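Here is how the chains run, residue by residue.
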Amino acid sequence: MASAATAPPPPATPPSSLKRIVAASLIGTTIEWYDFFLYGSAAALVFNKLFFPGSDPLVGTLLSFLTYAVGFAARPLGALVFGHYGDRLGRKKLLVLSLLLMGGATFAIGLLPTHATIGTAAPVLLTVLRLVQGFALGGEWGGAVLLVSEHGDARRRGFWASWPQTGAPAGQLLATGVLSLLTAVLSDAQFTAWGWRIPFLLSGVLVMVGLWIRLSVDESPVFKAALARAEARRSAQDGPAEKPPLVSVLRHHWRDVLIAMGARMAENISYYVITAFILVYATTSTGLSKQTALNAVLIASAVHFAVIPAWGALSDRVGRRPVYLLGAAGTGLWMFPFFALIDTGGFGNLILAVTVGLVLHGAMYAPQAAFFSEMFATRMRYSGASIGAQFSSVAAGAPAPLVATALLADYDSPTPIALYVIGAVVLTLIAVGVAKETRHRDLADVDGEAVAEPGPSGAGLPGAQAAKESARPADARTV
(Lines give C-alpha, C1' and ligand atoms only; values in the text may rest on other atoms or scores of the structure.)
Protein backbone atom coordinates (compact mmCIF):
# COMPACT_ATOMS: atom_id res chain seq x y z
CA MET A 1 0.00 0.00 0.00
CA ALA A 2 1.23 3.48 -0.83
CA SER A 3 2.44 5.37 2.15
CA ALA A 4 1.09 8.74 3.24
CA ALA A 5 4.35 10.28 2.11
CA THR A 6 3.83 9.11 -1.46
CA ALA A 7 0.12 9.85 -1.69
CA PRO A 8 -0.50 11.82 -4.87
CA PRO A 9 -1.59 15.44 -4.59
CA PRO A 10 -5.28 16.15 -5.15
CA PRO A 11 -6.13 16.57 -8.83
CA ALA A 12 -7.14 19.96 -10.17
CA THR A 13 -10.87 20.46 -10.56
CA PRO A 14 -11.92 21.18 -14.18
CA PRO A 15 -13.58 24.61 -14.63
CA SER A 16 -16.90 23.04 -15.66
CA SER A 17 -16.96 20.88 -12.52
CA LEU A 18 -15.97 23.82 -10.35
CA LYS A 19 -18.90 25.85 -11.64
CA ARG A 20 -21.24 22.97 -10.82
CA ILE A 21 -19.77 22.78 -7.32
CA VAL A 22 -20.25 26.53 -6.88
CA ALA A 23 -23.83 26.31 -8.16
CA ALA A 24 -24.65 23.44 -5.79
CA SER A 25 -23.22 25.27 -2.79
CA LEU A 26 -24.91 28.53 -3.74
CA ILE A 27 -28.35 27.00 -4.26
CA GLY A 28 -28.10 24.99 -1.06
CA THR A 29 -26.99 27.94 1.06
CA THR A 30 -29.64 30.16 -0.54
CA ILE A 31 -32.36 27.74 0.53
CA GLU A 32 -30.93 27.39 4.03
CA TRP A 33 -30.64 31.14 4.49
CA TYR A 34 -34.11 31.64 3.00
CA ASP A 35 -35.47 29.42 5.74
CA PHE A 36 -33.46 31.14 8.46
CA PHE A 37 -34.19 34.72 7.36
CA LEU A 38 -37.84 33.98 6.73
CA TYR A 39 -38.19 33.31 10.43
CA GLY A 40 -36.44 36.59 11.30
CA SER A 41 -38.74 38.62 9.06
CA ALA A 42 -41.84 36.84 10.34
CA ALA A 43 -40.66 37.42 13.92
CA ALA A 44 -40.64 41.15 13.25
CA LEU A 45 -43.96 41.23 11.38
CA VAL A 46 -46.46 38.63 12.69
CA PHE A 47 -45.07 36.19 15.25
CA ASN A 48 -45.45 38.72 18.06
CA LYS A 49 -49.22 38.73 17.40
CA LEU A 50 -49.71 35.05 16.63
CA PHE A 51 -47.55 33.39 19.28
CA PHE A 52 -47.19 36.08 21.98
CA PRO A 53 -50.57 37.83 22.16
CA GLY A 54 -51.74 40.08 24.98
CA SER A 55 -48.40 41.84 25.40
CA ASP A 56 -47.41 45.40 24.71
CA PRO A 57 -46.50 45.50 20.98
CA LEU A 58 -42.82 46.22 21.66
CA VAL A 59 -42.69 43.57 24.40
CA GLY A 60 -44.28 41.09 22.02
CA THR A 61 -41.61 41.92 19.46
CA LEU A 62 -38.93 41.34 22.09
CA LEU A 63 -40.37 37.92 22.92
CA SER A 64 -40.60 37.11 19.23
CA PHE A 65 -36.96 38.06 18.69
CA LEU A 66 -36.04 35.95 21.72
CA THR A 67 -37.24 32.82 19.91
CA TYR A 68 -35.32 34.14 16.89
CA ALA A 69 -32.17 34.28 19.05
CA VAL A 70 -32.72 30.70 20.24
CA GLY A 71 -31.84 29.52 16.73
CA PHE A 72 -28.40 31.03 17.16
CA ALA A 73 -27.91 29.18 20.46
CA ALA A 74 -28.16 25.87 18.60
CA ARG A 75 -25.65 26.86 15.93
CA PRO A 76 -22.52 26.09 18.02
CA LEU A 77 -23.86 22.59 18.69
CA GLY A 78 -24.44 22.16 14.95
CA ALA A 79 -20.90 23.39 14.32
CA LEU A 80 -19.45 20.81 16.73
CA VAL A 81 -21.46 17.84 15.45
CA PHE A 82 -21.29 18.64 11.73
CA GLY A 83 -17.66 19.73 12.01
CA HIS A 84 -16.62 16.46 13.67
CA TYR A 85 -18.34 14.21 11.16
CA GLY A 86 -17.57 16.49 8.23
CA ASP A 87 -13.86 16.15 9.00
CA ARG A 88 -14.22 12.38 9.41
CA LEU A 89 -16.75 11.42 6.71
CA GLY A 90 -16.61 14.25 4.20
CA ARG A 91 -18.29 17.54 3.40
CA LYS A 92 -20.98 16.34 0.99
CA LYS A 93 -22.81 13.89 3.29
CA LEU A 94 -23.21 16.46 6.04
CA LEU A 95 -24.40 19.15 3.63
CA VAL A 96 -27.23 16.89 2.48
CA LEU A 97 -28.27 16.27 6.10
CA SER A 98 -28.21 19.98 6.98
CA LEU A 99 -30.46 20.80 4.04
CA LEU A 100 -33.03 18.15 5.05
CA LEU A 101 -33.09 19.30 8.68
CA MET A 102 -33.47 22.97 7.83
CA GLY A 103 -36.14 22.43 5.20
CA GLY A 104 -38.13 20.04 7.36
CA ALA A 105 -38.19 22.43 10.32
CA THR A 106 -39.22 25.38 8.15
CA PHE A 107 -42.02 23.41 6.48
CA ALA A 108 -43.27 22.35 9.92
CA ILE A 109 -43.41 25.99 11.08
CA GLY A 110 -45.78 26.65 8.19
CA LEU A 111 -48.15 24.01 9.61
CA LEU A 112 -47.84 25.09 13.24
CA PRO A 113 -51.03 26.03 15.14
CA THR A 114 -50.95 29.47 16.76
CA HIS A 115 -51.47 30.53 20.37
CA ALA A 116 -55.18 31.06 19.70
CA THR A 117 -55.52 27.36 18.81
CA ILE A 118 -53.32 25.43 21.24
CA GLY A 119 -52.26 28.04 23.78
CA THR A 120 -48.76 28.05 25.27
CA ALA A 121 -47.80 24.90 23.35
CA ALA A 122 -47.58 27.06 20.21
CA PRO A 123 -44.56 29.19 21.25
CA VAL A 124 -42.93 26.09 22.75
CA LEU A 125 -43.18 24.17 19.46
CA LEU A 126 -42.05 27.26 17.57
CA THR A 127 -38.95 27.44 19.76
CA VAL A 128 -38.15 23.74 19.24
CA LEU A 129 -38.36 24.10 15.46
CA ARG A 130 -36.19 27.20 15.64
CA LEU A 131 -33.59 25.15 17.53
CA VAL A 132 -33.58 22.60 14.70
CA GLN A 133 -33.08 25.41 12.18
CA GLY A 134 -30.14 26.76 14.14
CA PHE A 135 -28.56 23.32 14.52
CA ALA A 136 -28.76 22.73 10.76
CA LEU A 137 -27.40 26.15 9.83
CA GLY A 138 -24.53 25.73 12.29
CA GLY A 139 -23.31 22.83 10.17
CA GLU A 140 -24.24 24.20 6.78
CA TRP A 141 -21.95 27.19 6.45
CA GLY A 142 -18.62 25.45 7.07
CA GLY A 143 -19.35 22.58 4.70
CA ALA A 144 -20.62 24.79 1.89
CA VAL A 145 -17.66 27.16 1.83
CA LEU A 146 -15.12 24.34 2.26
CA LEU A 147 -16.56 22.33 -0.61
CA VAL A 148 -15.91 25.28 -2.93
CA SER A 149 -12.62 26.38 -1.34
CA GLU A 150 -11.13 22.88 -1.56
CA HIS A 151 -12.20 22.43 -5.18
CA GLY A 152 -11.28 25.90 -6.32
CA ASP A 153 -8.35 27.46 -8.10
CA ALA A 154 -5.93 28.76 -5.43
CA ARG A 155 -5.29 31.98 -7.36
CA ARG A 156 -9.01 32.82 -7.38
CA ARG A 157 -10.09 31.14 -4.16
CA GLY A 158 -11.43 34.36 -2.68
CA PHE A 159 -13.68 34.86 -5.70
CA TRP A 160 -14.98 31.31 -5.95
CA ALA A 161 -15.43 30.85 -2.19
CA SER A 162 -17.39 34.10 -1.99
CA TRP A 163 -20.21 32.63 -4.09
CA PRO A 164 -21.62 30.45 -1.28
CA GLN A 165 -21.55 33.66 0.77
CA THR A 166 -23.99 35.19 -1.72
CA GLY A 167 -26.45 32.58 -0.48
CA ALA A 168 -27.10 34.86 2.50
CA PRO A 169 -28.31 37.88 0.50
CA ALA A 170 -29.95 35.57 -2.04
CA GLY A 171 -31.87 33.87 0.77
CA GLN A 172 -32.69 37.27 2.25
CA LEU A 173 -33.77 38.45 -1.20
CA LEU A 174 -35.98 35.41 -1.71
CA ALA A 175 -37.51 35.53 1.77
CA THR A 176 -38.10 39.28 1.70
CA GLY A 177 -39.37 39.13 -1.88
CA VAL A 178 -41.96 36.46 -1.07
CA LEU A 179 -43.09 38.33 2.04
CA SER A 180 -43.19 41.63 0.16
CA LEU A 181 -45.33 40.10 -2.58
CA LEU A 182 -47.74 38.60 -0.07
CA THR A 183 -48.11 41.79 1.94
CA ALA A 184 -48.75 43.65 -1.32
CA VAL A 185 -51.54 41.36 -2.56
CA LEU A 186 -53.10 40.40 0.79
CA SER A 187 -54.74 42.55 3.39
CA ASP A 188 -53.19 42.71 6.85
CA ALA A 189 -55.97 40.46 8.14
CA GLN A 190 -55.42 37.85 5.41
CA PHE A 191 -51.65 37.87 5.84
CA THR A 192 -51.95 37.47 9.61
CA ALA A 193 -54.61 34.76 9.34
CA TRP A 194 -52.99 32.46 6.77
CA GLY A 195 -50.77 34.30 4.28
CA TRP A 196 -47.66 34.12 6.47
CA ARG A 197 -47.71 30.30 6.17
CA ILE A 198 -47.15 30.27 2.39
CA PRO A 199 -43.41 31.16 2.42
CA PHE A 200 -42.71 28.50 5.04
CA LEU A 201 -44.55 25.79 3.10
CA LEU A 202 -42.74 26.84 -0.08
CA SER A 203 -39.53 25.68 1.60
CA GLY A 204 -40.54 22.06 1.01
CA VAL A 205 -40.40 22.54 -2.76
CA LEU A 206 -37.12 24.44 -2.60
CA VAL A 207 -35.46 21.73 -0.51
CA MET A 208 -36.29 19.06 -3.06
CA VAL A 209 -34.62 21.14 -5.78
CA GLY A 210 -31.58 21.84 -3.62
CA LEU A 211 -31.26 18.21 -2.59
CA TRP A 212 -31.27 17.02 -6.20
CA ILE A 213 -28.47 19.47 -7.09
CA ARG A 214 -26.40 18.85 -3.96
CA LEU A 215 -26.42 15.06 -4.45
CA SER A 216 -24.93 15.51 -7.94
CA VAL A 217 -21.57 16.98 -6.84
CA ASP A 218 -18.34 15.20 -5.87
CA GLU A 219 -16.55 15.22 -2.56
CA SER A 220 -13.68 17.67 -2.13
CA PRO A 221 -10.45 16.28 -3.73
CA VAL A 222 -8.34 17.90 -0.99
CA PHE A 223 -10.37 16.09 1.66
CA LYS A 224 -10.22 12.76 -0.20
CA ALA A 225 -6.44 13.02 -0.50
CA ALA A 226 -6.10 13.88 3.20
CA LEU A 227 -8.40 11.00 4.15
CA ALA A 228 -6.30 8.60 2.07
CA ARG A 229 -3.15 9.71 3.88
CA ALA A 230 -4.83 9.32 7.27
CA GLU A 231 -6.01 5.81 6.38
CA ALA A 232 -2.51 4.91 5.19
CA ARG A 233 -1.10 6.00 8.54
CA ARG A 234 -3.70 4.02 10.48
CA SER A 235 -2.97 0.91 8.43
CA ALA A 236 0.70 1.03 9.42
CA GLN A 237 1.50 -1.12 12.46
CA ASP A 238 3.11 1.78 14.29
CA GLY A 239 0.88 4.48 12.84
CA PRO A 240 -0.28 7.08 15.35
CA ALA A 241 -3.92 7.30 16.41
CA GLU A 242 -5.66 10.31 14.98
CA LYS A 243 -7.09 12.73 17.50
CA PRO A 244 -10.73 13.91 17.19
CA PRO A 245 -10.88 17.06 15.04
CA LEU A 246 -12.17 19.18 17.93
CA VAL A 247 -9.21 18.23 20.12
CA SER A 248 -6.77 19.04 17.31
CA VAL A 249 -8.42 22.41 16.66
CA LEU A 250 -8.35 23.47 20.30
CA ARG A 251 -4.75 22.29 20.73
CA HIS A 252 -3.16 23.65 17.56
CA HIS A 253 -5.56 26.29 16.19
CA TRP A 254 -7.04 27.96 19.28
CA ARG A 255 -5.60 31.32 18.23
CA ASP A 256 -7.18 31.02 14.79
CA VAL A 257 -10.54 30.16 16.37
CA LEU A 258 -10.38 33.30 18.51
CA ILE A 259 -9.44 35.40 15.49
CA ALA A 260 -12.38 34.00 13.51
CA MET A 261 -14.74 34.70 16.40
CA GLY A 262 -13.53 38.27 16.70
CA ALA A 263 -13.72 38.79 12.95
CA ARG A 264 -17.36 37.75 13.00
CA MET A 265 -18.51 40.25 15.64
CA ALA A 266 -18.94 43.35 13.47
CA GLU A 267 -20.00 41.36 10.41
CA ASN A 268 -22.71 39.42 12.26
CA ILE A 269 -24.10 42.20 14.46
CA SER A 270 -24.22 44.81 11.71
CA TYR A 271 -25.98 42.44 9.32
CA TYR A 272 -28.87 41.63 11.65
CA VAL A 273 -29.26 45.25 12.72
CA ILE A 274 -29.40 46.33 9.07
CA THR A 275 -31.73 43.60 7.80
CA ALA A 276 -33.85 42.36 10.75
CA PHE A 277 -34.02 45.17 13.30
CA ILE A 278 -34.60 47.69 10.53
CA LEU A 279 -38.09 46.22 10.02
CA VAL A 280 -38.89 47.21 13.60
CA TYR A 281 -37.15 50.59 13.61
CA ALA A 282 -38.51 51.85 10.29
CA THR A 283 -42.09 50.93 11.15
CA THR A 284 -42.23 51.99 14.81
CA SER A 285 -39.97 55.05 14.88
CA THR A 286 -40.57 56.69 11.50
CA GLY A 287 -44.08 55.50 10.68
CA LEU A 288 -43.07 53.78 7.44
CA SER A 289 -45.18 50.83 6.37
CA LYS A 290 -44.10 47.20 6.52
CA GLN A 291 -44.23 47.10 2.74
CA THR A 292 -41.87 50.07 2.43
CA ALA A 293 -39.34 48.57 4.85
CA LEU A 294 -39.46 45.19 3.12
CA ASN A 295 -38.98 46.79 -0.30
CA ALA A 296 -35.90 48.67 0.91
CA VAL A 297 -34.32 45.49 2.26
CA LEU A 298 -35.25 43.72 -0.99
CA ILE A 299 -33.46 46.27 -3.18
CA ALA A 300 -30.43 46.44 -0.90
CA SER A 301 -30.13 42.64 -0.79
CA ALA A 302 -29.95 42.54 -4.60
CA VAL A 303 -27.02 44.97 -4.52
CA HIS A 304 -25.43 42.98 -1.68
CA PHE A 305 -25.62 39.83 -3.79
CA ALA A 306 -23.88 41.56 -6.70
CA VAL A 307 -20.98 43.09 -4.76
CA ILE A 308 -19.92 40.04 -2.73
CA PRO A 309 -18.09 38.28 -5.62
CA ALA A 310 -16.40 41.59 -6.48
CA TRP A 311 -15.10 41.95 -2.92
CA GLY A 312 -13.99 38.29 -3.04
CA ALA A 313 -12.06 38.90 -6.26
CA LEU A 314 -10.42 41.97 -4.73
CA SER A 315 -9.25 39.85 -1.78
CA ASP A 316 -7.42 37.64 -4.29
CA ARG A 317 -5.48 40.67 -5.48
CA VAL A 318 -4.75 42.61 -2.29
CA GLY A 319 -5.32 40.02 0.46
CA ARG A 320 -8.10 38.94 2.81
CA ARG A 321 -7.15 41.26 5.67
CA PRO A 322 -7.17 44.63 3.82
CA VAL A 323 -10.63 44.02 2.35
CA TYR A 324 -12.00 42.77 5.68
CA LEU A 325 -10.57 45.75 7.58
CA LEU A 326 -12.01 48.17 5.02
CA GLY A 327 -15.47 46.68 5.46
CA ALA A 328 -15.31 46.75 9.26
CA ALA A 329 -14.07 50.34 9.48
CA GLY A 330 -16.59 51.50 6.88
CA THR A 331 -19.47 49.86 8.75
CA GLY A 332 -18.53 51.62 11.96
CA LEU A 333 -18.34 55.00 10.23
CA TRP A 334 -21.67 54.45 8.48
CA MET A 335 -23.81 53.75 11.59
CA PHE A 336 -24.72 57.34 12.45
CA PRO A 337 -25.51 58.36 8.83
CA PHE A 338 -27.45 55.07 8.55
CA PHE A 339 -29.97 56.01 11.24
CA ALA A 340 -30.01 59.68 10.27
CA LEU A 341 -31.12 58.77 6.74
CA ILE A 342 -33.86 56.45 8.02
CA ASP A 343 -35.15 59.13 10.39
CA THR A 344 -35.94 61.40 7.44
CA GLY A 345 -38.81 59.04 6.60
CA GLY A 346 -38.01 59.06 2.87
CA PHE A 347 -38.05 55.83 0.90
CA GLY A 348 -35.01 56.82 -1.16
CA ASN A 349 -33.00 57.60 1.96
CA LEU A 350 -34.07 54.30 3.52
CA ILE A 351 -32.82 52.42 0.44
CA LEU A 352 -29.54 54.35 0.50
CA ALA A 353 -28.99 53.65 4.21
CA VAL A 354 -29.55 49.90 3.93
CA THR A 355 -27.73 49.50 0.60
CA VAL A 356 -24.52 51.24 1.68
CA GLY A 357 -24.62 49.31 4.95
CA LEU A 358 -24.85 45.98 3.11
CA VAL A 359 -22.17 46.92 0.56
CA LEU A 360 -19.76 47.61 3.44
CA HIS A 361 -20.88 44.42 5.15
CA GLY A 362 -20.05 42.53 1.95
CA ALA A 363 -16.42 43.61 2.24
CA MET A 364 -16.24 41.60 5.47
CA TYR A 365 -18.47 38.73 4.40
CA ALA A 366 -16.94 38.06 0.96
CA PRO A 367 -13.34 37.19 1.98
CA GLN A 368 -14.52 35.44 5.14
CA ALA A 369 -15.02 32.04 3.46
CA ALA A 370 -11.51 31.82 2.01
CA PHE A 371 -9.96 33.55 5.04
CA PHE A 372 -11.38 31.05 7.55
CA SER A 373 -10.75 28.04 5.27
CA GLU A 374 -7.09 28.96 4.90
CA MET A 375 -6.55 29.12 8.67
CA PHE A 376 -7.00 25.39 9.33
CA ALA A 377 -5.48 22.08 8.20
CA THR A 378 -7.74 19.86 6.08
CA ARG A 379 -8.64 17.16 8.61
CA MET A 380 -9.74 19.77 11.15
CA ARG A 381 -10.88 22.49 8.74
CA TYR A 382 -14.63 21.83 8.92
CA SER A 383 -14.48 21.86 12.73
CA GLY A 384 -12.20 24.88 12.98
CA ALA A 385 -14.02 27.09 10.50
CA SER A 386 -17.45 26.13 11.86
CA ILE A 387 -16.51 26.63 15.51
CA GLY A 388 -14.93 30.00 14.84
CA ALA A 389 -17.89 31.18 12.78
CA GLN A 390 -20.79 29.77 14.79
CA PHE A 391 -19.67 30.20 18.40
CA SER A 392 -19.33 33.93 17.80
CA SER A 393 -22.90 34.07 16.47
CA VAL A 394 -24.20 33.39 19.99
CA ALA A 395 -22.68 36.65 21.24
CA ALA A 396 -23.11 38.55 17.96
CA GLY A 397 -26.03 37.82 15.63
CA ALA A 398 -28.25 36.08 18.19
CA PRO A 399 -28.83 39.01 20.54
CA ALA A 400 -28.36 41.79 17.96
CA PRO A 401 -32.06 42.44 17.11
CA LEU A 402 -32.98 41.80 20.74
CA VAL A 403 -30.36 44.23 22.09
CA ALA A 404 -31.21 46.83 19.47
CA THR A 405 -34.94 46.60 20.25
CA ALA A 406 -34.29 46.85 24.00
CA LEU A 407 -32.02 49.88 23.52
CA LEU A 408 -34.69 51.56 21.41
CA ALA A 409 -37.32 50.86 24.07
CA ASP A 410 -35.13 52.23 26.89
CA TYR A 411 -33.62 55.29 25.20
CA ASP A 412 -36.03 56.04 22.34
CA SER A 413 -32.96 56.93 20.28
CA PRO A 414 -30.81 55.17 17.68
CA THR A 415 -27.57 56.53 19.18
CA PRO A 416 -27.03 53.63 21.66
CA ILE A 417 -27.68 51.17 18.82
CA ALA A 418 -25.05 52.83 16.63
CA LEU A 419 -22.56 52.73 19.52
CA TYR A 420 -23.38 49.04 20.05
CA VAL A 421 -22.42 48.25 16.43
CA ILE A 422 -19.31 50.45 16.64
CA GLY A 423 -18.17 48.52 19.74
CA ALA A 424 -18.39 45.30 17.72
CA VAL A 425 -16.41 46.95 14.91
CA VAL A 426 -13.56 47.72 17.32
CA LEU A 427 -13.36 44.05 18.34
CA THR A 428 -13.26 42.98 14.70
CA LEU A 429 -10.57 45.48 13.79
CA ILE A 430 -8.40 44.13 16.61
CA ALA A 431 -8.97 40.47 15.66
CA VAL A 432 -8.29 40.90 11.93
CA GLY A 433 -5.44 43.31 12.66
CA VAL A 434 -3.47 40.67 14.58
CA ALA A 435 -4.27 37.88 12.10
CA LYS A 436 -1.79 36.66 9.50
CA GLU A 437 -2.51 37.10 5.82
CA THR A 438 -3.64 33.75 4.36
CA ARG A 439 -4.10 34.56 0.66
CA HIS A 440 -1.09 32.51 -0.54
CA ARG A 441 -1.65 29.41 1.60
CA ASP A 442 -2.09 26.04 -0.09
CA LEU A 443 -5.08 24.21 1.39
CA ALA A 444 -3.23 20.91 0.96
CA ASP A 445 -0.39 22.14 3.20
CA VAL A 446 0.09 21.18 6.82
CA ASP A 447 -0.08 24.54 8.59
CA GLY A 448 1.62 26.11 5.57
CA GLU A 449 4.30 23.41 5.20
CA ALA A 450 4.75 20.75 2.53
CA VAL A 451 2.15 18.02 2.11
CA ALA A 452 4.69 15.20 2.31
CA GLU A 453 4.09 13.13 5.43
CA PRO A 454 6.96 11.80 7.53
CA GLY A 455 7.14 8.28 8.83
CA PRO A 456 6.78 7.56 12.53
CA SER A 457 10.32 8.75 13.22
CA GLY A 458 10.44 11.55 10.63
CA ALA A 459 11.60 9.33 7.74
CA GLY A 460 11.36 10.99 4.38
CA LEU A 461 12.29 14.45 5.63
CA PRO A 462 15.81 15.83 5.73
CA GLY A 463 17.77 16.41 8.91
CA ALA A 464 16.38 19.00 11.30
CA GLN A 465 12.95 18.97 9.68
CA ALA A 466 12.62 15.21 10.32
CA ALA A 467 13.55 15.73 13.95
CA LYS A 468 11.05 18.54 14.22
CA GLU A 469 8.26 16.44 12.70
CA SER A 470 8.99 13.41 14.88
CA ALA A 471 8.65 15.60 17.94
CA ARG A 472 5.29 17.03 16.92
CA PRO A 473 2.07 15.37 18.13
CA ALA A 474 0.44 13.09 15.60
CA ASP A 475 -2.63 15.26 15.18
CA ALA A 476 -0.46 18.30 14.43
CA ARG A 477 1.14 16.42 11.52
CA THR A 478 -2.09 15.43 9.80
CA VAL A 479 -4.06 17.29 7.20
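The rules behind the values
- The written sequence of each chain sets the order in which its residues are numbered from 1.
- This being a predicted model, a pLDDT of at least 70 is required before a residue's local features are given, and a value of 80 or more before pairs of side-chain atoms are given or counted; all residues contribute to the totals for chains, interfaces and linings.
- With hydrogens and water stripped out, all remaining heavy atoms of the structure feed into the side-chain values.
- To obtain an axis, a line is fitted to C-alpha atoms, over the contacting stretch when the element is a helix, and the angle between two such axes runs from 0 to 180 degrees between their N-to-C directions.
- Where helices and strands are cited, they refer to DSSP runs of H or I of at least four residues and of E of at least two residues respectively, numbered from the N terminus.
- Orientation labels follow simple angle bins: below 35 degrees gives roughly parallel, above 145 gives roughly antiparallel, 65 to 115 gives roughly perpendicular, and whatever is left gives oblique.
- It is the rotation of the near helix from the far one that decides the hand of a crossing: anticlockwise by less than a right angle makes it left-handed, clockwise makes it right-handed.
- The contact criterion used throughout is that any non-hydrogen atoms of two residues lie within 4.5 Å.
- Three categories are distinguished: nonpolar for Ala, Val, Leu, Ile, Met, Phe, Trp, Tyr, Cys and Pro, charged for Asp, Glu, Lys and Arg, and polar for the others, with Gly belonging to the last.
- In this description, a nonpolar core means a group of buried Ala, Val, Leu, Ile, Met, Phe, Trp, Tyr and Cys residues linked to one another through side-chain atoms lying within 4.5 Å.
- Relative accessibility thresholds used throughout: buried, under 20% of the residue-type maximum; exposed, over 50%; partly exposed, between the two (1.4 Å probe, protein chains only).
- Looking at any residue, its pLDDT shows the predictor's confidence there, from 0 to 100.
- A patch consists of residues exposed above 30% relative accessible area that lack any salt bridge, with like charges linked at up to 9 Å and nonpolar side chains (Val, Leu, Ile, Met, Phe, Trp, Tyr) linked at up to 5 Å.
- Residue-level accessible areas treat just the shown protein chains as cover; the underlying method is Shrake-Rupley with a 1.4 Å probe.
- What makes a salt bridge here is a side-chain nitrogen of Lys or Arg within 4 Å of a carboxyl oxygen of Asp or Glu, nothing more.
- In this analysis, the expected span of each helix is defined as 1.5 Å times one less than the number of residues it contains.
- Two axes enter the bend calculation: one fitted to the seven residues ending at the residue in question, the other to the seven starting there, and the bend is the angle between them.

## A short note on the packing of helix α7 (residues 157-165) against helix α16 (residues 347-373)
Pairs of packed helices are described in terms of their axes, by the angle between the two and the distance that separates them.
Part 1 of the reasoning: Running from N to C, α7 and α16 cross one another at 110°; their axes reach a closest spacing of 7 Å. In this view, α7 runs roughly perpendicular relative to α16, as classed from their interaxial angle. Pair α7 / α16 crosses with right-handed handedness. Judged by residue contacts, Arg-157, Gly-158, Ala-161, Ser-162 and Gln-165 of α7 engage Tyr-365, Ala-366, Gln-368, Ala-369 and Ala-370 from α16.
Part 2 of the reasoning: When grouped by side-chain class, the residues that make up the contact of α7 with α16 number five nonpolar, four polar and one charged.

## Description of the nonpolar core
Part 1 of the reasoning: Within the largest apolar cluster, 107 residues are counted, with the highest numbers of intra-cluster contacts made by Phe-47 and Phe-338.
Part 2 of the reasoning: Residue contacts for Phe-338: discarding those within four places in its chain leaves Ile-274, Ile-278, Ala-353 and Val-354.
Part 3 of the reasoning: Grouped together as the second largest cluster of nonpolar side chains are 16 residues, Val-22, Ala-144, Leu-146 and Phe-159 included.

## Some thoughts on unusual backbone geometry
Part 1 of the reasoning: Located in the positive-phi region is Asp-412, a residue other than glycine, with phi close to 50°.
Part 2 of the reasoning: Mapped onto the fold, Asp-412 is located in the loop between α18 (400-411) and α19 (415-434).
Part 3 of the reasoning: Given the relative accessible area of 66%, Asp-412 is considered exposed.

## Let's talk about the confidence of the model for the protein chain
Part 1 of the reasoning: Overall, the predicted model of the protein chain reaches an average pLDDT of 81, with 84% of residues at or above 70.
Part 2 of the reasoning: For the protein chain, the element scoring lowest by mean pLDDT is helix α20 (residues 463-471), at 37; helix α15 (residues 320-343) scores highest, at 97.
Part 3 of the reasoning: In this model, residues 1-7 is a region of pLDDT below 50 whose contacts with residues beyond four sequence positions or in other chains number ten contacts.
Part 4 of the reasoning: Low pLDDT, under 50, characterises residues 446-479; the predicted model gives this stretch 60 contacts beyond four residues in sequence or across chains.

## Considerations on the environment of Ala-23
Part 1 of the reasoning: For Ala-23, the position within the fold is in helix α1 (residues 15-50).
Part 2 of the reasoning: Residues Ala-23 and Ile-213 lie 190 residues apart in sequence; the distance between their C-alpha atoms is 8.3 Å.

## Re a nonpolar patch on the surface
Part 1 of the reasoning: Among the surface-exposed residues, Leu-202, Val-205 and Val-209 lie close enough to one another that they form a single nonpolar patch of about 230 Å² accessible area.
Part 2 of the reasoning: With respect to the helices and strands, the residue Val-209 is situated in helix α10 (residues 197-214).

## Topic: the pattern of salt bridges
Part 1 of the reasoning: The final tally for this structure, using the stated rule, is seven salt bridges.
Part 2 of the reasoning: Residue Arg-157 is joined to Glu-374 by a salt bridge in which the shortest nitrogen-to-oxygen separation is 2.9 Å. Taken as a pair, Arg-157 in helix α7 and Glu-374 in the loop between α16 and α17 (381-395) lie far apart in primary sequence, 217 residues in all. In terms of burial, Arg-157 and Glu-374 fall into one category: buried.
Part 3 of the reasoning: Its salt-bridge partner being Glu-374, residue Arg-320 comes within 2.8 Å of it at the nearest N-O pair. In this pair, Arg-320 is assigned in helix α15 and Glu-374 in the loop between α16 and α17, connecting sequence segments 54 residues apart.
Part 4 of the reasoning: By relative accessible area, which is 0% here, Arg-320 ends up buried.
Part 5 of the reasoning: Among the residues examined, Glu-374 registers a relative accessible area of 3% and is labelled buried.
Part 6 of the reasoning: Salt bridges here are not isolated pairs; linked through shared partners, they connect Asp-87, Arg-91, Glu-150 and Arg-381.

## Quick notes on α10
Part 1 of the reasoning: Taking 1.5 Å per residue as the helical rise, α10 with its 18 residues ought to reach 26 Å, and the 26 Å between its terminal C-alpha atoms agrees with that figure.
Part 2 of the reasoning: At Val-205, α10 shows its largest kink, close to 25°.
Part 3 of the reasoning: Burial in α10 covers these residues: Arg-197, Pro-199, Phe-200, Ser-203, Val-207, Gly-210, Leu-211, Ile-213 and Arg-214.

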